[in-house]
Structures are given as structure tokens and as C-alpha cells.
Amino acid sequence: MQALVLTPATRSASVQEIPIPTPGPGEVLIRVRAVAINPVDQIYFAEPIAAQAQRVLGVDFAGEVVGRHADLKNSSDKRVKIGERVAGFVQGANSVNDRPGAFAQYVVSPHDLLWTIPSTLLYEQASTVSMCALTVAQALFPRFGLPSPFWNSQVPIPHDEDETINMLIYGSSSSLGFYGAQLVHLAAQASGRRIRLIGTASSRKHALLSAEPYGYDVLLDYRDPEWPAKVRDATGGVGVHYALDTISERDTVGKVHSTLYKHGKYHVFRSPSGGQYNTSDAAIQPAYGTVWEGLGHVIDYGDGHVFSAPPESREFAIKFYEFLSSAVDGGKVALEPNPVRKMPGGLERIVPDAFALLSGLVSDRRDKDRQGQDDHSRPISGEKLVYSID
Ligand SMILES: NC(=O)c1ccc[n+]([C@@H]2O[C@H](COP(=O)([O-])OP(=O)(O)OC[C@H]3O[C@@H](n4cnc5c(N)ncnc54)[C@H](OP(=O)(O)O)[C@@H]3O)[C@@H](O)[C@H]2O)c1
């Protein structure tokens, strides 16, 4: 098969012919039809941590099941059926330890970490969901402890029954932000509590974010230096009970911290070194984790940073993808996918086109001069880059 293969020693990648992977116990083989590009793909391409001579890049994929391990022969699970349309994510080259990559014509995945794509979704749309939606779900449900329709956190919301819960999503038009808003509405439904959803995004995205399925109550422009004060005003001075900083770069973390209620919780999605921030003096420390723990494998980031793989994280991921699959019979979607920017070409264009757009900090992307500024090279704003894999 063809795959986009990283050579860590030379920090380069090329499309190469490599063997089609063989599914192990509990795994299926998927013919990849579309892949979505995430910032993390570019980060560990530019600064590889992979310890092998070569690794397949790529995380998010959608495609059809074309094979399965013999132990799944008698399984009645739809996700092992030949021809079933499924989506999922793998770790790609984002670890020292060897893991499968998705930027290829075929990928193997544990069947229980896939979800079934409803007929109303294109492969390109479905490929945007798996990694980013799980990332935010991990933050809101197991880490914040909010109630959800598919996972019993058993932690009651620690605020009076009649109190409105204030939730801030900083970076509402990021991929994480789009899924975050939808998941917050599910938390409100599951808890029966009123959640006031406050967001920050560039003004031109406010109409989209006010409408369903995002339904923000309050939207502010993050370029307005007064936005943290305006967030506090929107909460009647109480502060926000929960905040997601989906950007987590430089001063965003401190500003989000300044909006918090005295016992508020907030979550960052980059490490202090990656996001260039420091919270050592902050009164409240943020929650942080990596989405990979949902895959159930220990993750070695090198330099002594080894993340464990608690069994409950994999259990949560299984429940989450069952929840996404649950809408399929009605042809519905449990979560609306990100708006998509379909990029021209295939695997061979990911490094020169998509990675060029994703390089550097998320907050610095807009400042870059893009030659030509055609439809495919304009800065990313509220959309996911996807490639069809023929
Ligand atoms: N910890 C984990 O497991 C994990 C998992 C997934 C992602 N991440 C990280 O989370 C971050 C977000 O990823 P993503 O895929 O959601 O990003 P993304 O979709 O590429 O984000 C692009 C959006 O960011 C917005 N933006 C840029 N600078 C901003 C700023 N200073 N303040 C507010 N919004 C700003 C832009 O909004 P406008 O168009 O409105 O300007 C743009 O729409 C990345 O750093 C990624 O590496 C971590």
C-alpha cells in the first residue's frame, strides 16, 4: 500500500510503498477513504520523537472495513462487518513507541475504538470527529466530572440546584471548540441543569456559533482586550465554574484563569512547554491529559515523559464511540462534524500544503504571509483540512 512515511533522522516524509498491516486480535483492517489533519501531526513531523528509522504519520481516518482478525469471525458487532463504514483514530508518529499511522491506504484499529458512520455523512466529514471529539469529552466528563448520556461520572455538580452553571470555551471556532459546545449541551441535558455557554472566537464566526448545534449564550471576540472582564460580567461577577482553553498558548491560560469562579475548574490542551505558558503561580492549577490514553497504550513522549494508560480511559473511549455509533440507525449524527476544507491531491500533498498551514503555534497562524492566498492556502479558520485517499 502507499503511506506517508516519516524518516525522523532527516525530519522528512515521503509517500512510500509498504506492506498492508495485518489485524491483530480484536482488530479490523480498514481501507482508508479520507483523513483529517491535526496540529499534532505537524508538531511531531517537524520535531520528531519517534525512535524508529521510519514511521507512518497520521491520526484521524474514515473508511470501510475490508478485513478482520480470525477471533472476530463470529462477532455480531457491526464494526467488524466487511463493507461497514467506520471512523477512528490511531497514534501515528506522535510517540517514541511504535504505533500505527492513518495517512495510508490501509490502517488497522481495535474494532471497539471505531464508530459507525451514518449514511448522511461523507467519509471526509466523519474523519474530523474521532480524535478531537474524544479529547474534549475526556475533559468534560471524566476530568471535570460533568454528567453525560453515556458515562456515569458519579460526581454530583458541586453547585446549588437552582444555580446556573457558567461554562467558558476559549477558542470556540477551533476543532476542539466545535465539539466542546455540542458536548456541553449533552451535559446540560444529562444533568437537567442550566449551563450558560460563553465563547470566544473572531466576530465573523459569531453567527455560526450562536446557531444550532453550538448555541452559545454569549460570544466575545478574543482580540478584544476586555474579553476576560466581559466574561465575568456575563456571569454576574461570579466567574466561570468550568473553562476549556482549547488554544492553551502564552497568555490565553492566564486570561482564562482570571475568569474562573473561586472554586472553578479549567482544562488546557497543550503542555506548558509546548504552549509556552507557566501556571506555577496560579491559584488554580489546570487539568491536562493526552487523548492517546483512550487508546489504552502507554505513551512515551521521550525525555522521561511517559503517560500511563489507565483501563478506565479506554473504557471511556469505548463508551464514547458506542454513543457516536448509536445515532446511525436513524441516519442521524450524534455530533455534527467540523466544517471541512477539502484539500486538493492526496497523501503527497499533506506535508507541502496542510503542514505548511499548521506550522507554529495556533495563535500565530493568522499572521503568516501565504503566497497567493487561494482557497486552499488561506489561514485555517473554523474548519478542518481533509484529504480523500483514492
Ligand atoms: N491534549 C490533547 O490530547 C490534544 C488533542 C487535540 C488537540 N490538542 C491541541 O489543541 C489545540 C487546538 O487544536 P484544534 O485542532 O482544535 O485547532 P484548530 O481547529 O486548528 O484551531 C484553529 C482555530 O483557532 C482559533 N484561534 C487561533 N488563535 C486563537 C487565539 N489566540 N485565541 C482564540 N482562538 C484562536 C482560530 O479561530 P478564528 O478563526 O475565530 O480566529 C481558528 O479557527 C492544538 O494546539 C492541538 O495541538 C491537544
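Predicted model, so just to flag it, every value in this text is computed and none were measured.

**Q** I'm lost on the side chain of Ser313 in this one. Help?
**A** Along the chain, Ser313 falls in helix H9 (residues 311-325). For Ser313, the side chain forms a polar contact with the side chain of Glu293, separated by 2.9 Å. Contact partners of Ser313, with chain neighbours within four places excluded, come to Glu293 and Gly294.

**Q** What am I meant to see in the packing of aromatic side chains here?
**A** Two numbers describe a pair of aromatic rings. These are the distance of the centres and the angle of the planes. Per the counting criterion, the structure on display carries 15 aromatic pairs. Note on Phe89 and Trp292: the rings are 6.0 Å apart at their centroids and 35° apart in plane angle, and the pair reads as tilted. Linking Phe89 in strand S6 (residues 85-89) with Trp292 in the loop between helix H8 (272-275) and strand S14 (299-300), this pair joins segments that are 203 residues apart in sequence. For the pair Phe89 and Trp292, one class covers both residues: buried. Each member of the aromatic cluster is reached from another via a ring pair, and the members are Phe141, Phe150, Trp151, Phe316, Phe320, Tyr321 and Phe323. The ring of Tyr106 carries Arg31 above its face, with NZ or CZ at 5.5 Å from the centroid. The ring of Tyr123 is capped by Arg85, whose NZ or CZ atom sits 4.7 Å from the centre of that ring.

**Q** Honestly, the nonpolar core in this entry has me stumped. Any pointers?
**A** The nonpolar side chains of a soluble globular protein tend to be buried with one another. If you look at the biggest cluster of nonpolar residues, it comprises 63 residues, and the most contacted ones within it are Leu140, Phe141 and Phe320. Per-domain counts for this core show at least three residues from each of domain 1 (2-130 + 301-388) and domain 2 (145-286). Ignoring any residue separated from it by four or fewer positions in sequence, one finds Phe141 in contact with Leu146, Pro147, Ser148, Phe150, Trp151, Ser153, Leu183, Ala187 and Phe316.

**Q** Help me understand the side chain of Ser174, please; the structure alone is not making it clear to me.
**A** Residue placement: Ser174 occurs in the loop between strand S9 (165-170) and helix H4 (175-191). One polar contact links the side chain of Ser174 to the main-chain amide nitrogen of Gly177, over a distance of 3.0 Å. Of the polar contacts made by the side chain of Ser174, one reaches the side chain of Thr246; its length is 2.9 Å. Look past the residues within four positions of Ser174 in its chain and what remains in contact with it is Thr246 and Ile247.

**Q** Explain the environment of Asp303 to me, please; I cannot follow it from the model alone.
**A** As for its position among the elements, Asp303 is in the loop between S14 and strand S15 (306-307). Exposure remark for Asp303: the relative accessible area of 78% places this residue in the exposed category.

**Q** Help me understand the packing of helix H3 (residues 130-143) against H9, please; the structure alone is not making it clear to me.
**A** To characterise two packed helices, one gives the angle between the axes of the helices and the distance between these axes. The geometry of H3 relative to H9 is characterised by a closest axis approach of 11 Å and an angle of 115° between their N-to-C directions. Considering only the axes of H3 and H9, their crossing is right-handed. Across the interface between the two elements, Ser130, Met131, Ala133, Leu134, Ala137, Gln138, Phe141 and Pro142 from H3 touch Phe316, Ala317, Phe320 and Tyr321 from H9. Here the residues of the contact of H3 with H9 are counted per class, giving ten nonpolar, two polar and no charged.

**Q** What should I look at first to understand helix H10 (residues 350-358) in this one?
**A** Three or four residues apart is the spacing at which side chains of an α-helix point the same way, because the helix has 3.6 residues per turn. When H10 is considered as a whole, its buried residues turn out to be Ile350, Ala354, Phe355, Leu357 and Leu358. Seen end-on, H10 carries its buried residues on one side only, within an arc spanning 155°. Where H10 is buried, its residues meet strand S1 (2-7), strand S3 (27-36), helix H1 (39-46), strand S16 (340-342) and strand S17 (384-388). Positioned one or two residues after H10, Gly360 has a phi angle of 85°, which is positive.

**Q** Teacher, can you tell me more about unusual backbone geometry here?
**A** Trans peptide bonds make up the majority, and among non-glycine residues the majority have a negative phi. For the peptide bond that leads from Glu212 to Pro213, omega is 5°, which places it in the cis range. Position of Pro213 among the secondary structure elements: in the loop between helix H5 (206-210) and strand S11 (218-220). Notably, Arg11 is not glycine yet its phi reads approximately 50°, a positive angle. Tracing the chain through its elements places Arg11 in the loop between S1 and strand S2 (12-17). Since its relative accessible area comes to 45%, Arg11 is described here as partly exposed. One non-glycine residue with positive phi stands out, namely Arg250, at about 50°. Summarising the element assignment, Arg250 is placed in the loop between strand S12 (240-245) and helix H7 (252-258).

The rules we used
- Residues numbered from 1 in each chain as written.
- Predicted model: local features only at pLDDT ≥ 70, side-chain atom pairs only at ≥ 80, totals over all residues.
- Heavy atoms only, no water.
- Helix = DSSP H or I, 4+ residues; strand = E, 2+ residues; numbered from the N terminus.
- Polar contact = N/O pair within 3.5 Å; in protein donor to acceptor, adjacent residues only side chain to side chain.
- Contact = heavy atoms within 4.5 Å.
- Phe/Tyr/Trp six-rings, centres within 6.5 Å; stacked < 30°, edge-to-face > 60°.
- Buried < 20%, exposed > 50% of the residue type's maximum accessible area, 1.4 Å probe, protein only.
- Lys NZ or Arg CZ within 6 Å of the ring centre and 35° of its normal.
- Core = buried A, V, L, I, M, F, W, Y, C linked by side-chain atoms within 4.5 Å.
- Domains from an automatic or database assignment.
- Axes fitted to C-alpha atoms, helices over the stretch in contact; angles between N-to-C directions.
- Left-handed = near helix turned anticlockwise from the far one by under 90°.
- Nonpolar A, V, L, I, M, F, W, Y, C, P; charged D, E, K, R; others polar.
- Arc of directions from axis to C-beta.

This is a description of form; function is not addressed.
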